[in-house]
Amino acid sequence: MITGNIDQAQGDLWITTFGAKSFEDGGILLTPRERHQALATQGVANVIPLVVAFAEWRKPGGGSSRVVVVGADAEDGGLAPWNLVQGTWEDIKAPEGIGIDRTYFSELGIGGMGATAQIAQGRVRVRALTDGVRSFTQSPYAFTTLNRARSLLGVEGERATFYLVQTEPGANPELIRDELRQRLESAEVLTKAEFRDRSLKQWLFRTGAGIALIGGALLGILVGTVIVAQTLYSSTKDHLNEFATLRALGSSSGYIHKVILTQAGLSAVFGYLLGMAIAILIVAASQGSALPIVMTPALAFGLFVLTLFMCAISALSAIVKVTKIDPATVFSR
Amino acid sequence: MKAGVQKMAAEPVLEAKDVVKELGQGAAKVVALKGVSLSLIPGELTLLMGPSGSGKTTLLSILGCILSSTSGSVEIRGVPITGLSPEELAEVRRKNLGFIFQSYNLFPTLSALENVRIALDVRGETGYPAAARAEEVLRDVGLSNRMRNYPGNLSGGEQQRVAVARAIVTSPAIVLADEPTAALDSENGHAVMALLSRIAKEQNRSVLAVTHDPRTLSYADRVIKIEDGLIVGEDRRPPGIDGPHITDLTKRRKAHA
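Here's what I pulled together on the structure shown here. This is a predicted model, so every value here is computed, not measured.

Details of the sheet that holds strand β10 (residues 230-236) of chain B
All names here are of chain B. One open sheet accounts for six strands, arranged β6-β7-β8-β3-β9-β10; its pairing is mixed. Both edges of this open sheet fall to β6 (97-100) and β10, since each of them pairs with a single strand only. For this sheet, the mean angle separating the axes of adjacent strands, direction not counted, is 20°. The strands touched by helix α5 (residues 156-168) within the sheet are β6 and β7 (174-178), with β6 carrying the most contacts at an inclination of about 170°. In this fold helix α6 (residues 186-202) packs onto β3 (45-49), β6 and β8 (206-211), with an angle of close to 130° to the strand it touches most, β3.

What follows is the structure in structure tokens.
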């Protein structure tokens, strides 16, 4: 979701202004000079201009919101709205046309297809709808043509926020990136992976939303660990006599640790299954919302490993408690 | 079942010499054992008797490698255990000792069979052979039809027999019992003592039971009396005599001045 546009863009390299933080926050504009310099570089097949910027959306019924205007010509083969469920690119090209995701009607204060509103300096009409093209920033994407985006945002001439570079077949994008870095003194050149990584880091680690998300996750891990630790500790405390009996029978420390870690492992498995069942319900319920939750198999596996690790850490307090057991207590019951 | 052996000729499996145990520190220090020496030989059921606070349980804990003595020495099958680490002591217990506790100390969430198997599991013996061995021992103590029952569904006498089975399933040379009849009625108390006597003789094990219970005297091959941390008397059943014999401790002696 955070890098959806970068992932969908058909290009190997991104030319940005220095310090561009993310796809949505590209900073000041590039000039046609950078485009021409890039086009003159060996191995470069095409350089596609994109105009992307936050803009005010004035709702038809009053009030305003923010959108991210994405201006690109689909004919250039660089970036076009995907998952179109109503309308086509040709409809977007029609006067005042834009495409938005259908989950944002309420956010944008409109009723659906054909609704009109104002973005920054111009009037727009919703002529196409996408499905599942959500924005991490909570400002919906408004897809339109390159020139209409320039017009709405007041971009002069042929300036652009990004240039998307397509290399010739067989060319090494990293070598071309290095060559472009030499040529373009006033711009930054990043591979698709580098720009993706930068956008992710910007939103996840340098913004309040990202920090809140990560903070929430860390808090969840902490709370989960403490709860499991408390459960295991109190369970162990309740069964100290049994552990003392095991010690008296000659069990090694390793055997006792194995017993406690097995309990922790069972807690992890049952807790994970319960948590995952709830998570799947939430994931399903969030699919129609503006902020859908994604659960991939790799993420599910990673969470299982994390849960096992959390429970193993949680077992430490119980292990420490058992380590202090005096087996002589078996004779004092 | 093996035949009994000539006890007097056997080598001791456990030998304690001049065992002293101090508990607490400073003004609260108590000398629980003041120099105790004894040995246990295979095929004998020995009773350790004495009033509360005489040091019986402390001595049992030291002989069972659960407590360390302050001074003196203990050897199990010729191997000194003095100075061993807790892990090494656990290994000695695992390989040589079986325990029977006053309150049975069974695991309430495990069946009788599982309670016996756990002693084998602790030794790393698992799977079908362990299960078969546990079943065999439970049958031997008369619980063939109670193997799947949980402790909560067993009588006190049955629970103690499960505890006996758990103590002997690993074939230890020494079985230590702490007040094995204290929680049992007369009938079950006699049954458990008869079982311990049989284990000593037929399986050639050395059984030491700490007890207050005079009903147990008739099953003993030897009775040791302890008072104030000292062994003050010992009586032994004469060879060749079966049935109740020891009724009084006539050969009193002071072990240490």
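Quick look at the packing of helix α3 (residues 112-122) of chain B against α5(B)
Residues and elements named next belong to chain B. Closest axis-to-axis distance for the α3/α5 pair is 8 Å, and the angle between their directions is 25°. In terms of their interaxial angle, α3 and α5 are classed as roughly parallel. The crossing of α3 and α5 is right-handed. Contact with α3, carried on its side by Ala112, Asn115, Val116, Ile118 and Ala119, involves Val162, Ala165 and Arg166 of α5 and no other residues of that element.

Regarding the interface of chain B and chain A
At the interface, 21 residues of chain B touch 16 residues of chain A. Each partner contributes to the roughly 1,900 Å² buried at the junction of chain B and chain A, and carbon and sulfur atoms together form 60% of this total. Here chain B and chain A share one salt bridge between them. One salt bridge in this structure joins B:Glu87 and A:Arg247, with 3.2 Å as the shortest N-O distance. Of all the secondary structure elements, the ones that give two or more residues to the side of chain B that touches chain A are α1 (56-63), α2 (86-96) and α3 of chain B. The element best represented in the side of chain B that touches chain A is α2(B), accounting for five residues. Its residues assigned to classes, the side of chain B that touches chain A shows 11 nonpolar, four polar and six charged.

Some thoughts on the side chain of B:Arg94
Considering the arrangement of structural elements, one finds B:Arg94 in helix α2. Although buried, B:Arg94 forms no salt bridge, and the nearest oppositely charged side chain, B:Glu91, lies 4.7 Å from it. With near-sequence residues (within four places) excluded, B:Arg94 lies in contact with A:Leu249, A:Gly250, A:Ser251, A:Ser252, B:Val122 and B:Arg123.

Focus: α3(B)
Of all 11 residues that make up α3(B), eight are buried, and the element is covered over most of its length. Taken as a whole, α3(B) has its buried residues at B:Ala112, B:Leu113, B:Asn115, B:Val116, B:Ile118, B:Ala119, B:Leu120 and B:Val122. Buried-residue contacts for α3(B) involve α9 (240-248) and α10 (253-286) of chain A together with α2, α4 (127-140) and α5 of chain B. One or two residues past the end of α3(B) sits B:Gly124, with phi positive at roughly 85°.

Reading the values: rules and limits
- Residues numbered from 1 in each chain as written.
- Chains lettered and ligands numbered in written order.
- Predicted model: local features only at pLDDT ≥ 70, side-chain atom pairs only at ≥ 80, totals over all residues.
- Heavy atoms only, no water.
- Pairing = 2+ DSSP bridges.
- Helix = DSSP H or I, 4+ residues; strand = E, 2+ residues; numbered from the N terminus.
- Axes fitted to C-alpha atoms, helices over the stretch in contact; angles between N-to-C directions.
- Contact = heavy atoms within 4.5 Å.
- Parallel < 35°, antiparallel > 145°, perpendicular 65-115°, else oblique.
- Left-handed = near helix turned anticlockwise from the far one by under 90°.
- Buried area = accessible area lost by both parts, 1.4 Å probe.
- Salt bridge = Lys/Arg side-chain N within 4 Å of Asp/Glu carboxyl O.
- Nonpolar A, V, L, I, M, F, W, Y, C, P; charged D, E, K, R; others polar.
- Buried < 20%, exposed > 50% of the residue type's maximum accessible area, 1.4 Å probe, protein only.
- Lys, Arg positive; Asp, Glu negative; His and termini not counted.

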